[in-house]
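# Per-entry structural report
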Amino acid sequence: MLHALEAWLDEPSEARAAAIGAAIAEVCEPLGLSVGRVDLAAPPLPELHLDLGARDGVPAPIRLPDTDGEGGGSDVIGSVELAGDPGQAASFRSALEFVFLAVRGRASATRAARQLAALDVAVRGISAQRDLERVLQEIVDRVRDLADAEYAALGIVDEDGAIIRFITSGLSHEHRQRIGELPRGRGLLGLIIRENRTYRIPDIATHPERYGFPPNHPEMHTFLGMPIAARGEPVGRLYLTNKRGAAEFSADDERLVEMFALHAGIAIQNAKLQDHERRLAVVDERDRISRDLHDSVIQSIYAQTLSLDDVPDLVEDDPGEAVRRVDDAIEALHGVIRDIRNFIFGLRPVLLESGSLEEGLRHLGTELRRSGAVEVEVRVDDPAGALDTLPIELVAELLAVAREALSNIARHAAASHASLAVQAAAEALRLEIVDDGRGIDPEAATARGHHGLPNMRARIETLGGTFEVARANGGGTRIIVAIPRRAAGTREAERA
């Protein structure tokens, strides 16, 4: 009989149930007992209903030890009709209870293992930040299987409670297509959305809130539905219908589905956070392009306008110089076009082709000197050659700051001389940019619409360095940038 019950547990078919009846009759015959009806309702076992023919038996309850954890009493899980010696009947009923207890223990252990495996799959899917649709589909498939439901569905709702996505299990894609559009959240689905609580219903066909099904919708009766929340906010609903092997979904089913609803909420919340991160990444990329265009491309174009300002006069006074200026401007503008392409695709500007901070600074100085506006001196103090190992990203940021500073000097300082001084000391990398112009008030607020100083400061602080603006001795402005060597790193460390 135990073997027949275990086989039925693995495959609860009519044939396996009939085998259980035959095993019971075989055991009862030597005891002089005849058996009528046997009914069993002991989740997670499937329901069992057998009619073994005897009509003169007395129904007696089948009991199992209390499973509520509260102690005292026992659970009535079914009944058996036995005719014959009362003592033999009592002994057989006790044996039957022992067999059912053993099989239910196995079923509970199997179900717990399946639940853990399913939860493991859900957690792995969520932690791996996989595609939300795939994670939720796995959750719906697993919970339908574990709760022994014919159908399951998960609906994601918007701020107004309207269903915007609906993931199903138990329906083929073709069947979904025949049903048509997403449910509108009327009837019981709408009730769960509006009241934000769990509903466990024996038959939705007779429920007063039933709204009805669209054409081609499968027939549904038993129902379990509950809200899905994330950080206290409703984000979806989980539904199961047509409980297999039982008259309705149980409290154990409800607790099981609650666990999966919790994981579904986490998955949906993670997806929202990832979407928010993607949006922030787009904003950051726009800021990067805006900053790079302002600090590099626009400044390069402005430098060329300075060099071309007096070309009309030079055409008459010094035609050779005018031609040289125009040729230099054309060459520089070709470089600007390449820089624009590079910035759009997140590549390094042409100024960084050599990867050398010193070479890049000298290039900037030459560019401004050619404009005829300011004489630029570049000084480098790097006895150990540390500048040659700086990460390319750090070189790019320092050159962007230097270019912006030199552009400001050319446009606003009315200076005749500027210097770029780099010192690679043991404790920090230091860059000083000094001019002999009119100077600025370091405490003055940045004028609305001017982004130069804030952009420079943001670049350096992002690198973990400091950015200071001060008055230079004898007039003019002094910008001091310091990057700790531990923050600056090396190109070798970057590759590692």
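Anyway, here's the lowdown on the structure attached to this text.

## Observations concerning the overall build of the chain
A tally of regular secondary structure across the chain gives 14 helices and 14 strands. In the chain, buried positions account for 44% of the 496 residues. By sequence separation, contacts in the chain at least 24 residues apart represent 63% of the contacts at least 6 residues apart. About 25,900 Å² of surface is accessible on the chain, with carbon and sulfur atoms providing 51% of the total.

## Considering the sheet that holds strand 10 (residues 375-381)
Hydrogen bonding along the main chain pairs the strands of a sheet, whether they run parallel or antiparallel. The sheet built from five strands is open, its strands ordered 10-11-12-14-13 with mixed pairing. Every other strand in the sheet has two partners, leaving strand 10 and strand 13 (466-471) as the edge strands with one partner each. Here the average twist between neighbouring strands, direction ignored, is 10 degrees. Where strand 12 (residues 428-435) lies against strand 14 (residues 477-484), seven bridges are found, and the strand directions are antiparallel. Opposite R430, over in strand 14, you have A482 as the bridge partner. Where helix 11 (residues 392-413) meets the sheet, its contacts fall on strand 11 (417-424), strand 12, strand 13 and strand 14, and the angle it forms with strand 12 comes to roughly 15 degrees. The strands touched by helix 12 (residues 452-462) are strand 13 and strand 14; relative to strand 13, the strand with the most contacts, the crossing angle is about 140 degrees.

## Details of unusual backbone geometry
Most peptide bonds take the trans form, and the phi angle of most residues other than glycine is negative. Positive phi outside glycine occurs at D148, with the angle close to 55 degrees. In this structure, N242 takes a positive phi of about 60 degrees despite not being glycine. Inspection of the secondary structure assignment puts N242 in strand 9 (residues 233-243). Under the relative-accessibility criterion, N242 is labelled buried at 12%.

## Here we look at the pattern of salt bridges
Side chains that carry opposite charge are capable of pairing whenever their charged atoms lie near each other. The final tally for this structure, using the stated rule, is 17 salt bridges. Two residues, R362 and E358, come together in a salt bridge whose shortest N-O distance is 3.1 Å. Taken together, the residues R362 and E358, both in helix 10 (residues 357-370) and four residues apart, mark about one turn of the helix. A relative accessible area of 37% places R362 in the partly exposed class.

## Quick look at the sheet that holds strand 5 (residues 149-157)
The five strands are arranged 6-5-9-8-7 in an open sheet whose pairing can be described as antiparallel. Lying at the two open borders of the sheet, with one neighbouring strand each, are strand 6 (163-169) and strand 7 (199-201). Put simply, the sheet's adjacent strands are angled 15 degrees from each other on average, direction ignored. The pairing of strand 7 with strand 8 (residues 223-230) spans three bridges and is antiparallel. Residue pairing in the sheet places Y199 in a bridge with G225 of strand 8.

## Describing helix 10
Taking 1.5 Å as the rise per residue, helix 10 with 14 residues should run 20 Å; its terminal C-alpha atoms sit 20 Å apart, in good agreement. Along helix 10, the residues classified as buried are L357, G360, L361, L364, G365, E367 and L368. Buried residues of helix 10, seen end-on, are gathered within an arc of 160 degrees and therefore sit on one face of the element. For helix 10, the side-chain oxygen to backbone nitrogen distance between the N-cap and E358 is 3.4 Å, and the N-cap itself is S356.

## A look at the pairing of strand 12
Counted residue by residue, strand 12 has six buried out of eight residues, so it is predominantly covered. Between strand 11 and strand 12, which follow one another and run antiparallel, lie three residues.

## Thoughts on helix 1 (residues 2-10)
Think of an α-helix as turning once every 3.6 residues; residues three or four places apart then point the same way. Those residues of helix 1 not exposed but buried are A4, L5, W8 and L9. The buried residues of helix 1 occupy an angular sector of 140 degrees when projected down its axis, which confines them to one face. Residues of helix 1 that are exposed and point more than 90 degrees away from the buried face comprise H3 and D10.

## Structural notes on the side chain of K243
Mapped onto the elements, K243 comes out in strand 9. One polar contact links K243 to D253, side chain to side chain, over a distance of 3.0 Å. Contact partners of K243, with chain neighbours within four places excluded, come to A147, D148, T222, E248, F249 and D253.

Conventions and cut-offs
- Residues numbered from 1 in each chain as written.
- Predicted model: local features only at pLDDT ≥ 70, side-chain atom pairs only at ≥ 80, totals over all residues.
- Heavy atoms only, no water.
- Helix = DSSP H or I, 4+ residues; strand = E, 2+ residues; numbered from the N terminus.
- Buried < 20%, exposed > 50% of the residue type's maximum accessible area, 1.4 Å probe, protein only.
- Contact = heavy atoms within 4.5 Å.
- Areas by Shrake-Rupley, 256 points an atom, 1.4 Å probe, with all protein chains shown as cover.
- Pairing = 2+ DSSP bridges.
- Axes fitted to C-alpha atoms, helices over the stretch in contact; angles between N-to-C directions.
- Salt bridge = Lys/Arg side-chain N within 4 Å of Asp/Glu carboxyl O.
- Expected span 1.5 Å × (residues − 1).
- Arc of directions from axis to C-beta.
- Polar contact = N/O pair within 3.5 Å; in protein donor to acceptor, adjacent residues only side chain to side chain.

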